[in-house]
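# Tertiary structure, described
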Amino acid sequence: QVQLVESGGGLVQPGGSLRLSCAASGNICSILVMGWYRQAPGKERELVATVTSGGSTDYADSVKGRCTISRDNAKNTVYLQMNSLKPEDTAVYYCHAKLRLTYGGAWYNYWGRGTQVTVSS
């Protein structure tokens, strides 16, 4: 029943901005970390940004200063504000969550289906 649903992707011109959202739903006990990864054609999936339940964040060097990740714990939702977008940011962006279904249970990794971000003039 657990599901991660991304939204907010689309086509923007270089220098533009997008705000991605990902909502986790289902019988979730707690979420340890949520984040965003991306994969461009012919390339490996790479980390973009993550945020823990305590609010600690990590960013890829390529997006530092241009992206901000935030989290609404009450809504089990993570956001990625992307500014000053470049053509090399073009990729499918995937939402990720490490969560557990019961207190004291195992932690599991869940992935969304992805949302396309295209930066082109």
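Going by the structure above, here's the rest.
Let us look at the structure shown here.

Rules used throughout
Residues numbered from 1 in each chain as written. Predicted model: local features only at pLDDT ≥ 70, side-chain atom pairs only at ≥ 80, totals over all residues. Heavy atoms only, no water. Helix = DSSP H or I, 4+ residues; strand = E, 2+ residues; numbered from the N terminus. Buried < 20%, exposed > 50% of the residue type's maximum accessible area, 1.4 Å probe, protein only. Salt bridge = Lys/Arg side-chain N within 4 Å of Asp/Glu carboxyl O. Core = buried A, V, L, I, M, F, W, Y, C linked by side-chain atoms within 4.5 Å. Contact = heavy atoms within 4.5 Å. Polar contact = N/O pair within 3.5 Å; in protein donor to acceptor, adjacent residues only side chain to side chain. Disulfide = S-S within 2.5 Å.

Our next topic: the overall build of the chain. For the chain, the count of helices and strands is 0 helices and 11 strands. Beginning at the N terminus, the succession of helices and strands in the chain can be written as β-β-β-β-β-β-β-β-β-β-β. Dimensions along the principal axes, computed over C-alpha positions, put the chain at roughly 50 × 25 × 25 Å. In the chain, which comprises 121 residues, the share counted as buried stands at 39%.

Moving on: the pattern of salt bridges. On inspection of all chains with the given rule, the structure shows 4 salt bridges. Its salt-bridge partner being Asp89, residue Arg38 comes within 3.0 Å of it at the nearest N-O pair. Of the two residues, Arg38 is situated in strand β4 (residues 30-39) and Asp89 in the loop between β8 (77-82) and β9 (91-100); the sequence distance between them amounts to 51 residues. Classification of Asp89 by relative accessible area gives buried; the value is 1%. Here the salt bridges share partners, and the residues they tie into one network are Arg38, Glu46, Arg66 and Asp89.

It is worth spelling out the nonpolar core at this point. The biggest cluster of nonpolar side chains holds 30 residues, and the ones touching the most others in it are Met34, Trp36, Val78, Leu80 and Tyr93. Put simply, the parts of the chain that give this core at least two residues each are β3 (18-25), β4, β5 (46-52), β7 (67-72), β8, β9 and β11 (115-119). For this core, the leading source of residues is β9, giving 5 residues. When sequence neighbours within four positions are dropped, the list of residues in contact with Leu80 reads Leu18, Arg19, Leu20, Trp36, Val48, Ala49, Cys67, Thr68, Ile69 and Tyr93.

This part takes up the environment of Leu101. Relative to the helices and strands, Leu101 is located in the loop between β9 and β10 (108-111). A sequence separation of 72 residues divides Leu101 from Cys29, and the C-alpha atoms of the two residues are 4.8 Å apart. Once residues within four sequence positions are removed from consideration, Leu101 is found in contact with Val2, Asn27, Cys29 and Tyr110.

Before going further, it helps to examine the side chain of Thr115. In this structure, Thr115 sits in strand β11. Overall, the relative accessible area of 11% leaves Thr115 in the buried class. A polar contact is formed between the side chain of Thr115 and the backbone nitrogen of Gly9, at a distance of 3.3 Å. Thr115 has contacts with Glu6, Gly9, Leu20, Ala91, Val92 and Tyr93, leaving out every residue within four places of it along the chain.

On to the state of the cysteines, then. A full pass over the atoms with the stated rule returns 1 disulfide. Each sulfur of the disulfide joining Cys22 and Cys95 lies 2.0 Å from the other. Handedness of the Cys22-Cys95 disulfide follows from its S-S torsion of about -85 degrees: it is left-handed. One end of the pair, Cys22, is in strand β3; the other, Cys95, is in strand β9, and 73 residues separate them in sequence. Comparing Cys22 with Cys95 shows no difference in burial state: the two are buried. In this model Cys29 remains outside any disulfide bridge; the closest cysteine sulfur is found in Cys95, 18 Å from its own. Classification of Cys29 as partly exposed rests on a relative accessible area of 37%. Between Cys67, a free cysteine, and Cys95, which holds the nearest cysteine sulfur, the sulfur-to-sulfur gap is 15 Å.

Remember that the coordinates give geometry; whether it matters functionally is a separate question.
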